[in-house]
Amino acid sequence: MSGARRPGRNFLFVPGPTNVPERILRAMHVPMEDHRSSDFPKLTLPLYEDMKKVFQTKDGQVVIFPSSGTGAWEASLTNTRSPGDKLLAPRFGQFSHLWIDLARRHGLEVIVQEEEWGTGASPERIEEALRADKNHEIKGVMVVHNETATGVTSDIAAVRRAIDVANHPALLYVDGVSSIASIDFRFDEWGVDLAITGSQKGMMLPAGLGIVCVSQKALAQMEGAKCTKAYFDFADHFRTNPGGYFPYTPALPLLYGLRESLAIVFEEGLENVFARHRHLASGTRAAVEAWGLKLCAKEPKWYSDTVSAIMVPEGFDGADVIDRAYRRYDLALGAGLSQMAGKLFRIGHLGDLNELMLLGALAGAEMSMRDVGIEIAPGSGVAAAQECFRGGAGEQRMAAE
Ligand code: PLP
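Calculation rules
Residues numbered from 1 in each chain as written. Predicted model: local features only at pLDDT ≥ 70, side-chain atom pairs only at ≥ 80, totals over all residues. Heavy atoms only, no water. 1 Å grid on protein atoms, 1.4 Å probe; cavity = no way out; pocket = protein on both sides within 12 Å on 5 of 7 lines; lining within 4 Å. Points joined across faces, edges and corners; volume = space filled by probe spheres on them. Helix = DSSP H or I, 4+ residues; strand = E, 2+ residues; numbered from the N terminus. Nonpolar A, V, L, I, M, F, W, Y, C, P; charged D, E, K, R; others polar. Pairing = 2+ DSSP bridges. Phe/Tyr/Trp six-rings, centres within 6.5 Å; stacked < 30°, edge-to-face > 60°. Buried < 20%, exposed > 50% of the residue type's maximum accessible area, 1.4 Å probe, protein only. Near = heavy atom within 4 Å. Polar contact = N/O pair within 3.5 Å; in protein donor to acceptor, adjacent residues only side chain to side chain. Areas by Shrake-Rupley, 256 points an atom, 1.4 Å probe, with all protein chains shown as cover. Core = buried A, V, L, I, M, F, W, Y, C linked by side-chain atoms within 4.5 Å. Contact = heavy atoms within 4.5 Å. Axes fitted to C-alpha atoms, helices over the stretch in contact; angles between N-to-C directions. Salt bridge = Lys/Arg side-chain N within 4 Å of Asp/Glu carboxyl O. Left-handed = near helix turned anticlockwise from the far one by under 90°.

Observations regarding the layout of surface pockets
Roughly 400 Å³ of volume is contained in the second largest pocket. Lining the second largest pocket are 22 residues, and of these H145, T153, S154, D155 and K301 sit closest to its centre. Within the residue set of the lining of the second largest pocket, elements represented by two or more residues are α5 (123-132), α6 (156-165) and α10 (270-291). The class makeup of the residues in the lining of the second largest pocket is 11 nonpolar, four polar and seven charged.

See below:
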């Protein structure tokens, strides 16, 4: 960033990290303290119970540790698998790709189901592959619930049904990094075995905490797991966490931030958080339609409520829109990744966000597109989103108050 002062707020609309509410910033502003004191468990123990509510689980066991989402991917695999184990994974975007790559680097054999980017996991193909695996060599199915690179949400309940219908014992590993605490995620009901998230998206915190929920079935497989692990060994957590402690020095401000984040989520109500994300996503989609543009997500069934990946017209570079938005309007939009580089820009609509903030981002996207030569009628997307916002979640909230 240049040295010139930029007045006003930066509009952060990348799909993570998301805006950190003032309340959380203040809650994290704490002096350091003894993390082995007899008072410390008062802070930590409720975090596990409350995170279980976010995962929507009774029996799952939550692990909270210093890492970003990538470390949580790694921990979920190394704690439950041995080198040479076979996993099945659909690939339909940069994050599903990176997770597969990480698994392979740990010596796991991943059978990849290629799906077109803009679509998601195919329960039918998963069922077919599992039915064909008569000797149950496939130990797990890895699915990214919300592919942040393309703005696609997959149907995890349907994937669970596919595993059950095939009568297959594979564990279900789900990346919920850009869905958990923003899009409905039901650990118990969907029979998820390992759910992975990070702190910097729906939880509205800075990056720095990996959070994993482990099913009883997955816990039972931990003992035989031979993948190398040390810092991420869940066994060390399970020894120390029940007393309210950690196997190493915890990231204190982030734990205080998590305390506040959970309070905020429960004050709004998890259901209302999901409804708000749906509502904001609908407004964004109305704007995209009014601009005459297309989403990367091919059909409504794939539409994500946390991120919209918007295709720029032929002959334009999405990176130019993003650069213009950032330099001229102080608006941060998400880039196209890997095979989508230059073809799209992304608007993250998750976390601590309301209608007017989003309208600001839509206006900025509109102005930036026009500045680089994309023909958009000024105000068209903003007007469409406004129409969509009339009524909806905001009115329901007011009626309830
Ligand atoms: N999975 C998904 C769906 C993501 O969106 C991201 C990051 O954006 C990751 C995993 C990786 O997380 P991190 O960047 O926190 O390591």
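Picking up where we left off.
Here's the deal with the sheet that holds strand β11 (residues 294-295)
Strand order in the open sheet made by the five strands is β1-β13-β14-β12-β11, with mixed pairing throughout. At either margin of the open sheet sits one strand with a lone partner, and together these are β1 (11-13) and β11. With three bridges connecting them, β1 and strand β13 (residues 331-335) associate as parallel partners. By the bridge assignment, F11 is partnered in β13 with L331.

A short note on empty space enclosed by the protein
Counting across every chain of the model gives two cavities of 30 Å³ or more. If you add up the space inside the largest cavity, you get close to 40 Å³. The element contributing the most residues to the lining of the largest cavity is strand β12 (residues 307-311), with three residues. Looking at the lining of the largest cavity residue by residue, the class counts come to six nonpolar, four polar and one charged. Lining the second largest cavity are A89, P90, S96, W99, I100, M142, V143 and V144. If you list the elements that add at least two residues to the lining of the second largest cavity, you get β3 (86-91), α4 (94-105) and β5 (138-144).

So, the packing of aromatic side chains
All chains considered together, the criterion is met by nine aromatic pairs. Summarising the aromatic geometry, the rings of F185 and W190 are spaced 5.6 Å apart at their centres and angled 65 degrees between planes, so their arrangement reads as edge-to-face. Pair check on accessibility: F185 and W190 agree, each one buried. Counting every residue linked through ring pairs, the aromatic cluster contains F65, Y231, F232, F234, F238 and Y248.

Things to note about the site of the ligand
In the vicinity of the ligand lie 13 residues, with S68, T70, T148, D175 and Q200 positioned nearest. Between an oxygen atom of the ligand and a side-chain N or O atom of T148, the distance comes to 2.5 Å. One of the side-chain N or O atoms of Q200 is found 2.7 Å from an oxygen atom in the ligand. Protein burial of the ligand: of its 390 Å² of free accessible surface, 86% is covered by the chains.

Thoughts on the nonpolar core
By size, the foremost hydrophobic cluster in this structure holds 83 residues, and its most contacted members are M51, F55, I64, V141 and L258. If we skip the residues at most four places from it in the chain, L258 touches L47, M51, I64, M203, L205, L209 and I211.

Describing the sheet that holds β5
Across the sheet, which stays open at both edges, the seven strands sit in the order β2-β10-β9-β8-β5-β3-β4 with mixed pairing between neighbours. If you trace the sheet from one side to the other, it starts and ends with β2 (61-67) and β4 (109-114), each paired once. The average undirected angle you get between the axes of adjacent strands in this sheet is 20 degrees. Summarising the sheet, β2 and strand β10 (residues 208-214) pair through seven bridges and their orientation is antiparallel. Pairing of V62 across the sheet is with C213, part of β10.

Describing unusual backbone geometry
Here the residue pair G16 and P17 is connected by a cis peptide bond, since its omega of 0 degrees sits within 30 degrees of zero. Within the secondary structure layout, P17 lies in the loop between β1 and α1 (22-28). The phi dihedral of A181 falls on the positive side, at around 75 degrees, and the residue is not glycine. The exposure class assigned to A181 is buried, which follows from its relative accessible area of 2%.

What to know about the pattern of salt bridges
Scanning the entire structure with this criterion turns up 24 salt bridges. Close ionic contact of E115 with R125 constitutes a salt bridge, the shortest N to O distance being 3.1 Å. Placement of the pair is E115 in the loop between β4 and α5 and R125 in helix α5, with a sequence separation of 10 residues. For E115, a relative accessible area of 14% gives the class buried. We note a salt bridge from E268 to R276, for which the minimum N-O separation is 2.7 Å. Residue classification places E268 among the partly exposed positions, given a relative accessible area of 27%. Connected through salt bridges with shared partners, the residues R23, E260 and E267 form a single ionic network.

Remarks on the pairing of strand β9 (residues 194-198)
Most of β9 is tucked away: five of the five residues are buried. Of the two faces of β9, the one carrying L194, I196 and G198 and the one carrying A195 and T197 are both buried. Bridge analysis of strand β8 (residues 171-175) against β9 gives three bridges, and the strand direction is parallel. From the neighbouring strand, V174 faces β9, where its bridge partner is A195. Bridge count for β9 against β10 is five bridges, and the pairing is antiparallel. Bridge pairing in β10 links I196 to V212.

Thoughts on the packing of α10 against helix α13 (residues 380-389)
Running from N to C, α10 and α13 cross one another at 140 degrees; their axes reach a closest spacing of 7 Å. Two packed elements cross with a definite hand, and for α10 against α13 that hand is right-handed. Contacts between α10 and α13 involve H279, L280, S282, G283, A286, A287, A290 and W291 from the former and S380, G381, A384, A385, C388 and F389 from the latter. Its residues assigned to classes, the contact of α10 with α13 shows nine nonpolar, five polar and no charged.

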